[in-house]
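# Report on the structure
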Amino acid sequence: MKRVTLTVVCSLVLGALAFAASYLWQKHRIDRSHAHTTAFEWLSGEFGLSDEQRARIETLHQQYFPECEDHCIHYTDTRQTLAAVTNDPGLDNSPEHQAAATRLAELEKEADKRFIDFIYQVAAEMDPEQSQRYLQKMKAWVERAGELSRN
Amino acid sequence: MKHEGYDDQFEAALQSLQGQGAGQDLTGFEHEVWSEIAIRDGGRTSAGTASSSSLPAPALAACVVGAIALGSLFGLSKAQAYDRESSLAVERRYVESIHPVMMSADHSQHVHH
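Residues numbered from 1 in each chain as written. Chains lettered and ligands numbered in written order. Predicted model: local features only at pLDDT ≥ 70, side-chain atom pairs only at ≥ 80, totals over all residues. Heavy atoms only, no water.

### Remarks on the pattern of salt bridges
Residues and elements named next belong to chain A. Summed over all chains, the structure comprises 9 salt bridges over all chains. Note that Glu-46 is salt-bridged to Arg-133, the shortest N-O span being 3.0 Å. You can see Glu-46 sitting in helix α2 (residues 39-46) and its partner Arg-133 sitting in helix α5 (residues 128-150), a full 87 residues away along the chain. Arg-133 gets classed as partly exposed once you look at its relative accessible area, which sits at 29%. Here Arg-56 makes a salt bridge to Glu-125, at a shortest N to O gap of 2.6 Å. Of this pair, Arg-56 sits in helix α3 (residues 51-87) while Glu-125 sits in the loop between α4 (95-124) and α5, placing them 69 residues apart in sequence. Under the relative-accessibility criterion, Glu-125 is labelled partly exposed at 24%. (Salt bridge = Lys/Arg side-chain N within 4 Å of Asp/Glu carboxyl O. Helix = DSSP H or I, 4+ residues; strand = E, 2+ residues; numbered from the N terminus. Buried < 20%, exposed > 50% of the residue type's maximum accessible area, 1.4 Å probe, protein only.)

### What to know about the interface of chain A and chain B
Counting residues at the interface gives 45 residues for chain A, matched by 36 residues for chain B. Carbon and sulfur atoms make up 74% of the area that chain A and chain B hide from each other, which totals about 3,700 Å². Taking the shortest distance from any N to any O, the salt bridge between Glu91(B) and Lys137(A) comes out at 3.2 Å. Applying the counting rule to chain A against chain B returns 9 residue pairs in polar contact (both at pLDDT 80 or more). Only α1 (2-35), α2, α3, α4 and α5 of chain A provide two or more residues apiece to the side of chain A that touches chain B. A class-by-class count of the residues in the side of chain A that touches chain B yields 24 nonpolar, 12 polar and 9 charged. (Contact = heavy atoms within 4.5 Å. Buried area = accessible area lost by both parts, 1.4 Å probe. Polar contact = N/O pair within 3.5 Å; in protein donor to acceptor, adjacent residues only side chain to side chain. Nonpolar A, V, L, I, M, F, W, Y, C, P; charged D, E, K, R; others polar.)

No statement about biological role is implied by the geometric values presented.
Here is the structure:
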């Protein structure tokens with residue numbers, strides 16, 4: 001009976017060791033590959049871009065980044081203004097409060113529109129199948145961005 | 001049938017002799033016979049115990065191989081889940097670079113941390 005118990009315990013220990021070894025080995029490989037992957041490299045790898053597609057899409061991104069950053073700064077400023085107005089009891093329901101809230105909502109809509117326009121431009125450079133997959137993935141983030149702005 | 005009779009008599013004699021205890025006077029011959037019986041009986045008992053408590057070699061090998069295979073399989077499946085999470089984190093980084101609202105959330109996270 002003792003030997004059967006010992007066999008079971010040894011098997012469990014071996015199983016746990018095999019689990020740890022295979023998981024840590026794979027995790028190390030994944031961490032190493034993702035640590036050195038830029039967002040654009042991820043895009044190229046994930047959607048199997050050819051060199052030509054990659055070059056054209058990279059140009060699109062470079063043209064879009066300054067516009068996106070400007071919009072981001074504008075959005076952040078408006079959000080901070082709204083937070084300041086909201087925290088001021090004297091400005092509760094004031095025209096400033098209404099204006100900041102309206103402006104923020106407009107900027108969110110505009111951000112989504114710019115984002116969608118841009119992803120369609122990028123998708124147009126991809127192979128049809130990859131293009132659909134890219135659009136599907138990116139559109140899912142629009143909802144998440146909406147949730148993020150509400151928090 | 002004859003053998004069963006002998007066996008019964010032997011068992012009865014054995015019990016009666018064992019009942020007399022170690023302190024009883026035994027002749028040298030009886031002592032030798034009992035010693036011999038004790039040695040053989042002990043050997044048979046320990047061999048029986050060993051064979052019933054140990055697993056046959058193929059079963060033992062199957063246990064070890066099965067445990068290693070299952071452990072590795074669980075490890076690889078957990079690593080696959082980790083890969084999906086990491087991939088999603090890189091995807092998020094990409095989206096944060098092209099969506100103004102997501103970018104602003106990323107910036108504010110950097111400011112707060």
